[in-house]
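# What the coordinates show
This is what each chain is made of:
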Amino acid sequence: MVYLGVRAVLAARRAAHERRAGREVTGGPHDTSALRASTGDGPTRGRWRSGFTQGFFTNVLNPKAALFFLSILPQFVHGGGSPTRQIFFLGTLDVLIGVVYWFALVAVAARLRALLARPKIRYRWELTTGWLFIAIGIGVAGAS
């Protein structure tokens, strides 16, 4: 953690120095030029669909989700009704709550993207997270 924090702080300072010197900064820890090049200037709908498809398959093929449903949900099933129907209902409810949560999170993140792309705010964000990583790393090292 300390190593990652030091790298983030140094990269933020180097980027700010180069930006002041008038040079374009690439290759930093949060450089999105490769992402922009890979997605091109195509329509937003295609990128959204691609991301959604990737996330969907990641979650469907994730064994932790199946283990969650197999280990947590049965304890909420009572003997008065059909266990299959109850587990299906609880699983559907979990998925619906997750979908609402993630759509809200993505909507907020999309709005914050423009704000976080500003050079001054990006510099402060990278510097703050770098120092935070350093502090967490020192805290973890001190706790052991």
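Note that the coordinates shown come from a computational prediction; the quantities given were computed from them, not determined experimentally. (Residues numbered from 1 in each chain as written. Predicted model: local features only at pLDDT ≥ 70, side-chain atom pairs only at ≥ 80, totals over all residues. Heavy atoms only, no water.)

### Details of the overall build of the chain
Scanning the chain from N- to C-terminus turns up six helices and zero strands. Across the chain, helices and strands are ordered from the amino to the carboxyl terminus as α-α-α-α-α-α. Among the 144 residues that make up the chain, the fraction classed as buried is 10%. In the chain, the share of contacts with a sequence separation of at least 24, taken over all contacts with a separation of at least 6, comes to 65%. (Helix = DSSP H or I, 4+ residues; strand = E, 2+ residues; numbered from the N terminus. Buried < 20%, exposed > 50% of the residue type's maximum accessible area, 1.4 Å probe, protein only. Contact = heavy atoms within 4.5 Å.)

### Brief notes about the packing of aromatic side chains
In total, this model carries three aromatic pairs according to the counting rule given. With a centroid separation of 5.3 Å and an interplanar angle of 70°, the aromatic rings of Phe-68 and Phe-69 are classed as edge-to-face. According to the relative accessible area criterion, Phe-68 is partly exposed, its value standing at 33%. With a centroid separation of 5.1 Å and 75° between ring planes, the pair formed by Tyr-101 and Trp-102 is classed as edge-to-face. (Phe/Tyr/Trp six-rings, centres within 6.5 Å; stacked < 30°, edge-to-face > 60°.)

### So, the packing of helix H1 (residues 2-20) against helix H6 (residues 119-143)
Two packed helices can be described by the angle between their axes and the distance between those axes. Where H1 meets H6, the axes come as close as 7 Å, and the angle between the chain directions of the two elements is 160°. With respect to their mutual orientation, H1 and H6 come out roughly antiparallel. The element H1 and its partner H6 pack so that their crossing is left-handed. Here Val-2, Leu-4, Gly-5, Val-6, Ala-8, Val-9, Ala-12, Arg-13, Ala-16 and Arg-19 of H1 come into contact with H6, specifically with Pro-119, Tyr-123, Glu-126, Leu-127, Gly-130, Trp-131, Phe-133, Ile-134, Gly-137 and Ile-138. (Axes fitted to C-alpha atoms, helices over the stretch in contact; angles between N-to-C directions. Parallel < 35°, antiparallel > 145°, perpendicular 65-115°, else oblique. Left-handed = near helix turned anticlockwise from the far one by under 90°.)

### Some details on a nonpolar patch on the surface
A contiguous nonpolar patch, built from Phe-52, Phe-56, Phe-57, Val-60, Leu-61, Val-95, Val-99 and Phe-103 and spanning about 790 Å² of accessible area, is present on the exposed surface. Position of Phe-57 relative to the elements: it lies in helix H3 (residues 44-60). Judged by relative accessible area, Phe-57 falls into the partly exposed class, the value being 45%. (Patch = residues over 30% accessible without salt bridge, like charges linked within 9 Å, V, L, I, M, F, W, Y side chains within 5 Å. Areas by Shrake-Rupley, 256 points an atom, 1.4 Å probe, with all protein chains shown as cover. Salt bridge = Lys/Arg side-chain N within 4 Å of Asp/Glu carboxyl O.)

### Overview of the confidence of the model for the chain
Per-residue confidence for the chain averages 80 on the pLDDT scale, and 82% of its residues sit at or above 70. Here helix H2 (residues 33-39) stands out as the least confident element of the chain, with mean pLDDT 43; H6 is the most confident, with 91. Taken together, the stretch residues 32-41 has pLDDT below 50 and engages in one contact with residues farther than four places along the chain or on a different chain. (pLDDT = per-residue confidence, 0-100.)

### So, the pattern of salt bridges
This model, assessed by the stated rule, comprises one salt bridge. The closest approach of N and O atoms between Glu-126 and Arg-122, which form a salt bridge, is 3.3 Å. Taken as a pair, Glu-126 and Arg-122 lie in helix H6 at a separation of four residues, close to a single helical turn. By relative accessible area, Glu-126 is classed as buried at 5%. Among the residues examined, Arg-122 registers a relative accessible area of 31% and is labelled partly exposed.

### Quick look at the side chain of Gln-86
Within the secondary structure, Gln-86 is located in helix H5 (residues 83-116). Discounting residues that sit within four places of it in the chain, Gln-86 has contacts with Phe-76, Val-77, His-78 and Gly-81.

### Description of the environment of Ala-135
Relative to the helices and strands, Ala-135 resides in helix H6. By relative accessible area, Ala-135 is classed as partly exposed at 45%. Linking Ala-135 and Val-2, residues 133 residues apart in sequence, is a C-alpha distance of 7.4 Å.

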